[in-house]
Amino acid sequence: MYTGVPTVKRTAVYVYQTPVRIWHWVNALSITVLAVTGYLIGSPLPTLPGEASDHYLMGYIRFFHFAAAYVFLVGFLFRIYWAFVGNSYSHQLFTLPFWRRRFWSELLHEVRWYAFQEPEPRKYVGHNPLAHLFMVVIITVGGLVMIVTGLALYSEQTGLGSWPDALFGWVIPFVGQSQDVRMWHHWGMWVIVVFVMLHVYTAIREDIMSRQSLISTMVSGWRMFKDDRP
Amino acid sequence: MATTETFYEVMRRQGISRRSFLKYCSLTATALGLAPSFAGTIAQAMETKPRTPVIWLHGLECTCCSESFIRSAHPLVSDVVLSMISLDYDDVLMASAGHQAEAILDEIRLKYKGQYILAVEGNPPLNQDGMSCIIGGRPFVEQLKEVAADCKAVISWGSCASWGCVQAAHPNPTQAVPVHKVITDKPIIKVPGCPPIAEVMTGVITYMLTFDRLPELDRQGRPKMFYGQRIHDKCYRRPHFDAGQFVEDWDDEGARKGYCLYKMGCKGPTTYNACSTTRWNNGVSFPIQSGHGCIGCSEDGFWDKGSFYDHVTNTNVFGIEANADKVGIAAAGTVGAAIAAHAAASAIQRIKQRAGEHHEENDQT
Ligand code: HEM
Ligand code: HEM
Ligand code: SF4
Ligand code: SF4
């Protein structure tokens, strides 16, 4: 009987635990603030009129960058901790099963799906392999690079002997000099910006096109599958 | 003989009065950031300690370090320091020349084995067996290694000796290398700058001579007392930076009002030096004060770090030169366009699929 109501059965799995979801949105917000304020540190807004004591614009922009940086940093450390105590999906961000043939075949399948070469994507409880690869490379490795170069730059203003200097001061001569560190930090922003664009687009697209839920998963934690087939 | 002579005796012999000597001691204490009571310590050290000989070698360089040095703000300081070191060996400042001069070099090396300080201005080129810099008929690198073998410590004067500077800039045809690439078994004090500030030079050398030890160095071997902070940290235009008031053009109102030069490519935020505190030419001014950004002359490889007039400078890796913002904006634009196209293609595909699905569903019923 055709009722007009879809009769497909939906199954659901609890994937993203509450702390991971909170972290995701806090992290997304902090990175957005970091990218915007970071860009404005590199290319400041037009000059303000009046006396210097009338304004503190650059000071505030830098302050927000550092405040967001601390949020990002603490979140990152927390997320590492959660990979140890959380459920099995919580390790995905820090592990890439590149030694498994299956990972690569699924990765290829996912790429072909995006290239309209496959009629439908496979189902994944955790991340799909393409998303997984990007998450690890951009967020884990990239985030670490931003933290290390960022704290090295921060050590320049906290000064010799401060904790950022003691822990990250070595980065500056290691990379070359201060200007090099700044520019790598700056490149890093663009890499992350491009990732975020793709990430948000694919999250929305897959939410509609794939056989599983995505955005609501990051909100409620439950992965819903739209059909019963394997 | 010079062995038993103290600094004080040398100075007196050079015609410096006791009064001037004491003045010099207090000035030095101040310059080094020490408490006034240290003036006495310095005086006592200079009266009792035998003079430490200094050998000043010149490699591939432009002599700007020497030029800076002899213009030390307080003539007294330069007189005193010069009288302490010019006695020994310095191609530019010594009286003797030719074989006579080279003989002095050997003599000091033997007599003061392990006690003298080697100050190096410029650097050794290594290509073509070092032929690009010949001193006394031999490659400079040989002279440098020989003299360094018996010295107590090395001072690398200026950006040349410290980092390589212009002669080591890309493509570095002579393969000029900083001193620490050639001398690896001696303590090296880097005093970078192109040239370094005179007061910084005399300050470092006086510290070493009077206290008989190295000044405290940072991670990269620079004396912390002069290179511990960036130009930006002590710049008098910093309030305009924090406020967000910038020179946007060389001849705009901001330039006349002395706003921050960050947007004109000032490298103060990435440069460690004492210019914004000590300044130049008797403390008269320094580049930023005269309206031009810092070019980062005391930083490693500053010639090859992109334009002096951009804040976001070009990055050069694997022979490719690119600007982070230009590439980034282009990449974000391309990806944005690709996303739009992909979204459109996806929508079309979905409509087609939907049409198919409906047929199937209808067929089932
Ligand atoms: C409006 C903006 C965003 C939306 C709608 C969104 C959506 C999502 C969704 C749906 C997932 C789950 C993917 C899956 O189910 O496999 C996810 C995961 C993730 N997103 Fe986002 N995201 C946004 C912004 C960001 C930003 C700005 C970042 C950081 C650059 C980010 C980093 C991540 C990371 C690292 C994960 C993996 C989480 C984990 O495995 O713990 N997201 N996002
Ligand atoms: C995803 C994360 C981040 C992004 C996208 C980002 C972006 C940027 C950008 C574009 C700049 C301007 C560079 C320039 O042209 O001078 C900058 C500067 C800076 N960032 Fe970040 N950043 C991030 C994380 C961090 C972190 C974790 C720290 C650590 C404290 C940090 C500290 C700094 C500092 C100290 C500066 C220099 C500010 C100044 O001296 O005025 N950043 N950032
Ligand atoms: S002029 Fe240069 S050193 Fe001075 S505050 Fe501006 S950027 Fe910093
Ligand atoms: S202001 Fe900068 S470029 Fe100018 S002398 Fe000082 S360190 Fe060198």
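The coordinates are above.
Bear in mind the structure is a predicted one, so any value in this text is a computation, not a measurement. (Residues numbered from 1 in each chain as written. Chains lettered and ligands numbered in written order. Predicted model: local features only at pLDDT ≥ 70, side-chain atom pairs only at ≥ 80, totals over all residues. Heavy atoms only, no water.)

Asks: Describe the overall build of chain B, and please don't skip the residues or the numbers.
Replies: Assigned secondary structure in chain B consists of 16 helices and 9 strands. Per-residue burial over chain B gives 53% buried out of 365 residues. In chain B, the share of contacts with a sequence separation of at least 24, taken over all contacts with a separation of at least 6, comes to 72%. Split by element, the accessible area of chain B, about 16,100 Å² in all, is 56% carbon and sulfur. (Helix = DSSP H or I, 4+ residues; strand = E, 2+ residues; numbered from the N terminus. Buried < 20%, exposed > 50% of the residue type's maximum accessible area, 1.4 Å probe, protein only. Contact = heavy atoms within 4.5 Å. Areas by Shrake-Rupley, 256 points an atom, 1.4 Å probe, with all protein chains shown as cover.)

Asks: Mind laying out the packing of aromatic side chains, listing which residues take part and the relevant values?
Replies: Taken as a whole and judged by the stated rule, the model has 26 aromatic pairs over all chains. For the ring pair Tyr-56 of chain A and Tyr-60 of chain A, a centre distance of 5.1 Å and an interplane angle of 85° mean the geometry is edge-to-face. Given the relative accessible area of 41%, Tyr-56 of chain A is considered partly exposed. With relative accessibility at 49%, the residue Tyr-60 of chain A sits in the partly exposed group. Centre to centre, the rings of Phe-38 of chain B and Phe-211 of chain B are 6.3 Å apart; their planes meet at 70°, and the pair counts as edge-to-face. Linking Phe-38 of chain B in helix H3 (residues 38-48) with Phe-211 of chain B in helix H11 (residues 198-211), this pair joins segments that are 173 residues apart in sequence. Judged by its relative accessible area of 30%, Phe-38 of chain B is partly exposed. A network of ring pairs unites the aromatic residues Phe-66, Tyr-70 and Tyr-154 of chain A as a single cluster. Note that Arg-79 of chain A overlies the ring of Trp-23 of chain A, its terminal NZ or CZ placed 5.3 Å from the centroid. Between Arg-205 of chain A and the ring centre of Trp-113 of chain A, over which it is positioned, the NZ or CZ distance is 5.1 Å. (Phe/Tyr/Trp six-rings, centres within 6.5 Å; stacked < 30°, edge-to-face > 60°. Lys NZ or Arg CZ within 6 Å of the ring centre and 35° of its normal.)

Asks: An account of the site of ligand 1 is requested, with residue identities and associated values reported.
Replies: Residues and elements named next belong to chain A. In the vicinity of ligand 1 there are 23 residues, among which His-24, Arg-79, His-127, His-199 and Arg-223 approach most closely. Within the side chain of Tyr-16, a nitrogen or oxygen atom sits 3.2 Å from an oxygen atom of ligand 1. Taking His-127, its side chain carries an N or O atom lying 2.6 Å from an oxygen atom of ligand 1. Mapped by element, the contributors of at least two residues to the shell around ligand 1 are helix H1 (18-42), helix H4 (129-158), helix H7 (178-209) and helix H8 (215-220). Here the element with the most residues in the shell around ligand 1 is H1; it accounts for 7 residues. In terms of residue class, the shell around ligand 1 is made up of 16 nonpolar, 5 polar and 2 charged. (Near = heavy atom within 4 Å. Polar contact = N/O pair within 3.5 Å; in protein donor to acceptor, adjacent residues only side chain to side chain. Nonpolar A, V, L, I, M, F, W, Y, C, P; charged D, E, K, R; others polar.)

Asks: Which residues make up the coordination of the iron atom of ligand 1, and what values do they have?
Replies: Residues and elements named next belong to chain A. Around the iron atom of ligand 1, the protein supplies His-24 (NE2) and His-199 (NE2) as donor atoms, at distances of 1.9 Å. Given 6 donor atoms and angles of 86 to 179° at the metal, the environment of the iron atom of ligand 1 is assigned as octahedral. Highlighted residues: His-24 in helix H1 and His-199 in helix H7, separated in sequence by 175 residues. For His-24, a relative accessible area of 16% translates into the label buried. Look at His-199 and you get partly exposed, because its relative accessible area is 23%. (Donors = N, O, S within 2.8 Å, 3.2 Å for Na, K, Ca; no water. Tetrahedral: all angles 85-135°; square planar, octahedral: opposite > 155°, others 65-115°.)

Asks: Which residues make up the packing of helix H2 (residues 18-31) of chain B against H3 of chain B, and what values go with them?
Replies: All names here are of chain B. Interaxial distance between H2 and H3 falls to 8 Å at its minimum, and their mutual angle equals 125°. On the basis of their axis angle, the class for H2 and H3 is oblique. Like other packed secondary-structure pairs, H2 and H3 cross with a definite hand, here right-handed. Facing H2, whose interface residues are Arg-18, Phe-21, Leu-22, Tyr-24, Cys-25, Ser-26, Thr-28 and Ala-29, H3 presents Phe-38, Ala-39, Ile-42, Ala-43, Met-46 and Glu-47. (Axes fitted to C-alpha atoms, helices over the stretch in contact; angles between N-to-C directions. Parallel < 35°, antiparallel > 145°, perpendicular 65-115°, else oblique. Left-handed = near helix turned anticlockwise from the far one by under 90°.)

Asks: Report on the coordination of the iron atom of ligand 2, specifying residues and quantitative values.
Replies: Residues and elements named next belong to chain A. Within the protein, His-65 (NE2) and His-185 (NE2) serve as the donor atoms for the iron atom of ligand 2, at 2.0 Å. The site at the iron atom of ligand 2 holds 6 donor atoms, and with the angles between them running 86 to 179°, its shape is octahedral. In this pair, His-65 sits in helix H2 (residues 57-85) while His-185 sits in helix H7, placing the two residues 120 residues apart along the sequence. For His-65, a relative accessible area of 11% gives the class buried. Residue classification places His-185 among the buried positions, given a relative accessible area of 16%.

Asks: How would you explain the site of ligand 2 if you had to name every residue and give the values?
Replies: Neighbouring ligand 2 are 24 residues, the closest being Arg-62, His-65, Arg-182, His-185 and His-186 of chain A. More than one chain lines the surroundings of ligand 2; the residues nearby belong to chains A and B. Separating a nitrogen atom of ligand 2 from a side-chain N or O atom of His-185 of chain A is a distance of 2.7 Å. Separating an oxygen atom of ligand 2 from a side-chain N or O atom of His-311 of chain B is a distance of 2.8 Å. Elements with a contribution of two residues or more to the shell around ligand 2: H1, H2, H4 and H7 of chain A. Considered class by class, the residues forming the shell around ligand 2 number 14 nonpolar, 8 polar and 2 charged.

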